[in-house]
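# Examination of the molecular architecture
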Amino acid sequence: MACFGQPCTEVLQSKGVSGMMYDEVLRADCALVEDYLQHCFAGRDSRADLYDAMLYSLLAGGKRIRPVLALETCRMCGGDVTTALPFACAVEMVHTYSLIHDDLPCMDDDDLRRGQPTNHKVYGEATAVLAGDALLTAAFETIAEHGTSLSPERALAASACLGRAAGARGMVGGQALDMAGEGHSLSLSELEELQRLKTGALISAATEIGCIVAGGGEKERAAVRRYAQLLGLAFQIRDDMLDVEGDEATLGKPIGSDAANEKVTFVSLKGMEACEKLVSEKTEAAKEALCSTFEDAGFLCWLADKLVKREK
C-alpha cells in the first residue's frame, strides 16, 4: 500500500483497508508478547518473592504498545517479527520497571495501577524497588542472549538504543525533570522536552529497535524516530486529558493525580480544546513521517489513529 506523496489517511480510505484486519494483527502481536513474557523467567531458582513481584507487574496487562511498535516496525522494514520478539519484550521490561518505580511513595505515591494494587502495596517498597531493578537488568540480559541472532553491529546498536532511551538522556532524565517540576511553573517548551524524555524516548526506542533488527538504514531509522517522537507527544497529551476527563474504572487508576501533585500538564497550559487539536495534529504529522519513506505503513498509521481515541 504505497503512501508516497499522498496523505496516509487518504491512501487508507482509497484502498478500503479494513480496521478489522489491523485489529487481528494487534491481537496476534499482543498474544506473542504475552506468551513470551509468561515464560521468560521460567525455571529460574527462587529469590524470595522477587520473581513473583517482577511478574506481578510484568503480566498485569496493559496495551503493550511499545512491543507492538517494535514488532510492526520490524515487519514494515522487511524483517522477521519472531526475531524481533525478544527485543520487543526487553523494551516492555524497561517500561514495566519504570511503572513500578513511578508508583513508589517517593515518586507519585500511587495505590492503583491497571485496576490492581501497585507493586509496593503488595510486596513492600524494598521488594518493589528490587523488582524494578531486576526487570531493567533483565531487559539487557535478554538483548545480549538473543543478539546472537543478529550481526554484532545490529545487536550492539539495539542495546545502545535502549540504553540511551532508558537512562539519564531519556526516560530517567525525564522523570527527574518531572519530579523537579512539581509545584513549579513550566513553559510549553519545557513540558514538551520533559515528556519527550519521560514518555517519548522509550516509544522512540521501540520503533527504532524494530528497524535495527530488520536491518534498516539511517533514513529508515530517522523516519521511525520522527513517527515515534510525534506519537509519544500525542500519547502524553491524551494521557493528560484522560487524567482530567477520564473514567477511573476504565483507566484502572485514580484521575486528578496531576493536579493533586501540582504538576504542569498540557491541559493546564493549553486547555482541553487546544489539546484535542494538538493530539490530532501530532498524530497526522507522525503518520506523514512514515508515509514519506515506507511503501506500507498502514498498520502503524492505523495504530496512531487508534491511540488518539483511547479511553485508557
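Preceding this section is the structure that the text describes.
Residues numbered from 1 in each chain as written. Predicted model: local features only at pLDDT ≥ 70, side-chain atom pairs only at ≥ 80, totals over all residues. Heavy atoms only, no water.

### Topic: the overall build of the chain
The condition is simple: The helix count covers DSSP runs of H or I at least four residues long, the strand count covers runs of E at least two residues long, and both are numbered beginning at the N terminus. Accessible area is worked out with a 1.4 Å probe on protein chains only. A residue is then buried under 20% of its type maximum, exposed over 50%, and partly exposed in between. Shrake-Rupley sampling with a 1.4 Å probe provides the accessible areas, and residues are treated as covered by the protein chains on show and by no other component.
Along its length, the chain carries 16 helices and two strands. A burial count over the chain gives 50% of its 312 residues as buried. Surface summary for the chain: the accessible area is close to 13700 Å², and the carbon and sulfur share equals 52%.

### Notes on the packing of aromatic side chains
To keep things clear, this is the line we draw: When two rings of Phe, Tyr or Trp (its six-membered ring) have centres within 6.5 Å they constitute a pair, described as stacked for plane angles under 30 degrees, edge-to-face for angles over 60, and tilted for the intermediate range. Working rule: Lys NZ or Arg CZ, within 6 Å of ring centre, within 35 degrees of ring normal, means a charge sits over the ring.
Applying the stated criterion across every chain, the model contains five aromatic pairs. An angle of 40° between the planes, with centres 5.8 Å apart, marks the rings of Phe 41 and Tyr 51 as tilted. Pair noted here: Phe 41 is in the loop between helix H2 (19–39) and helix H3 (50–58) and Tyr 51 is in helix H3, with a separation of 10 residues, a long-range link. In terms of burial, Phe 41 and Tyr 51 fall into one category: buried. Between the aromatic rings of Tyr 56 and Tyr 123, the centroid separation amounts to 5.7 Å while the plane-to-plane angle is 70°, which identifies the pairing as edge-to-face. Of this pair, Tyr 56 sits in helix H3 while Tyr 123 sits in helix H6 (residues 119–123), and the two are 67 residues apart along the sequence. The class for Tyr 56 is partly exposed, based on a relative accessible area of 25%. One aromatic cluster is present, built from ring pairs that chain together Tyr 22, Phe 299 and Trp 302. It is Arg 66 that lies over the ring of Phe 235; its NZ or CZ is 5.9 Å from the centre. When the ring centre of Phe 235 is taken as origin, the NZ or CZ atom of Arg 310, which lies over that ring, is 3.8 Å away.

### Looking at the nonpolar core
Note that soluble globular proteins tend to have their nonpolar side chains buried in a common cluster. Inclusion rule: Nonpolar core, defined: a set of buried Ala, Val, Leu, Ile, Met, Phe, Trp, Tyr and Cys residues in which side-chain atoms within 4.5 Å join the residues together. Contacts between residues were defined by any pair of non-hydrogen atoms, one from each residue, lying within 4.5 Å.
With 78 residues, the main nonpolar core has Phe 41, Leu 69, Leu 162 and Tyr 227 as its most contacted residues. A per-element tally of this core places helix H5 (residues 81–102) first, with 12 residues. If near-sequence neighbours (up to four positions away) are discounted, Tyr 227 is found in contact with Leu 69, Thr 207, Ala 286, Lys 287, Ala 289, Leu 290, Leu 300 and Ala 304. With 14 residues, the next largest nonpolar core counts Leu 186, Ala 234, Val 267 and Leu 278 among its residues.

### What about the environment of Lys 219?
Counting through the fold element by element, Lys 219 comes out in helix H11 (residues 218–245). Lys 219 gets classed as exposed once you look at its relative accessible area, which sits at 57%. C-alpha separation for the pair Lys 219 and Thr 293, spaced 74 residues apart in sequence, amounts to 8.0 Å.

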